[in-house]
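# A structural walkthrough
Read off the chains here:
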Amino acid sequence: MSSNLTPLLERNRAFAETDTRTHTPRAPFLPHQGLFIVTCMDSRTDPADFLGLRFGEAIVARTVGGRVTPAIIQALAFIGYVVETKAPEGPYFEVAIIHHTDCGSTLLADEEFRQGFAERTGYDDDALTGLPVLDPAATGRSNDASGFPVLDPAATVRADVERALSDPRISSRITVSGHVYDVDTGLVATVVEPASPRASAIR
Ligand SMILES: [Zn+2]
């Protein structure tokens, strides 16, 4: 059966004929460059393209807008623990969160679209728009801010760096930085220099 994946399976066979997959990092799933990159799932914002990432160089996680979701926090907590227990000699692990201009998540800024999405999925409308839910416990509503539209990537990436740095589950062996990728110029600008978690309960 043919699918959109079919032509890519041809590329897979070509890949398997090379020795690329044998360039495994020393600690197999800790990448060569000690990097964890969070970007938007937008097909234009693949760091293999705009950062020239090669095999085994970085962990890449992609979400709507490149927002730091609970799943991203869990992945960062996991990798921090792996570093502490499996690679205690270091070095530090660097997390780079990269938001971008012209992001599709800005659709959530449109009231009709956002409310339709909230109704269709059960996600909290206020959380999707970025407004705080005043009493999450009493209302049973979520205050998870990770659905905010990326209208101002420099502002949302600052908020997400802060979110990661303030989570006590993130190891102090990890640094977090924030960046904006401009889809027009192709350039990445750093807006938050690498910093360590302040509230880390972990080494
Ligand atoms: Zn995007």
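Before going into details, it helps to say that this report is about the structure given with it. Everything quoted here is computed from the prediction, not taken from an experiment. (Residues numbered from 1 in each chain as written. Predicted model: local features only at pLDDT ≥ 70, side-chain atom pairs only at ≥ 80, totals over all residues. Heavy atoms only, no water.)

## Considering the packing of aromatic side chains
- Enumeration according to the criterion identifies two aromatic pairs in this entry.
- For the pair F117 and Y123, a centre-to-centre distance of 5.8 Å together with 25° between the ring planes defines the contact as stacked.
- For F117, a relative accessible area of 30% translates into the label partly exposed. (Phe/Tyr/Trp six-rings, centres within 6.5 Å; stacked < 30°, edge-to-face > 60°. Buried < 20%, exposed > 50% of the residue type's maximum accessible area, 1.4 Å probe, protein only.)

## Some thoughts on the coordination of the zinc ion
- For the zinc ion, the full set of protein donor atoms is C40 (SG), H100 (NE2) and C103 (SG), at a range of 2.1 to 2.2 Å.
- With relative accessibility at 1%, the residue H100 sits in the buried group. (Donors = N, O, S within 2.8 Å, 3.2 Å for Na, K, Ca; no water.)

## Let's talk about helix α3 (residues 70-86)
- Taking 1.5 Å per residue, 17 residues should reach 24 Å; α3 reaches 24 Å between its end C-alpha atoms and fits that length.
- Where α3 is buried, its residues meet β1 (35-40), β2 (58-63), β3 (93-100), α7 (153-165) and β4 (174-181). (Helix = DSSP H or I, 4+ residues; strand = E, 2+ residues; numbered from the N terminus. Expected span 1.5 Å × (residues − 1). Contact = heavy atoms within 4.5 Å.)

## Considering the pairing of β4
- When you tally the buried positions in β4, you get eight out of eight residues, the bulk of the element.
- Burial along β4 is two-sided: I174, V176, G178 and V180 and T175, S177, H179 and Y181, pointing in opposite directions, are all buried.
- Both β3 and β4 contribute to a ladder of eight bridges, which runs parallel. By the bridge assignment, E94 is partnered in β4 with T175.
- Strand direction decides the pairing type here: β4 and strand β5 (residues 188-195), joined by five bridges, are antiparallel. (Pairing = 2+ DSSP bridges.)

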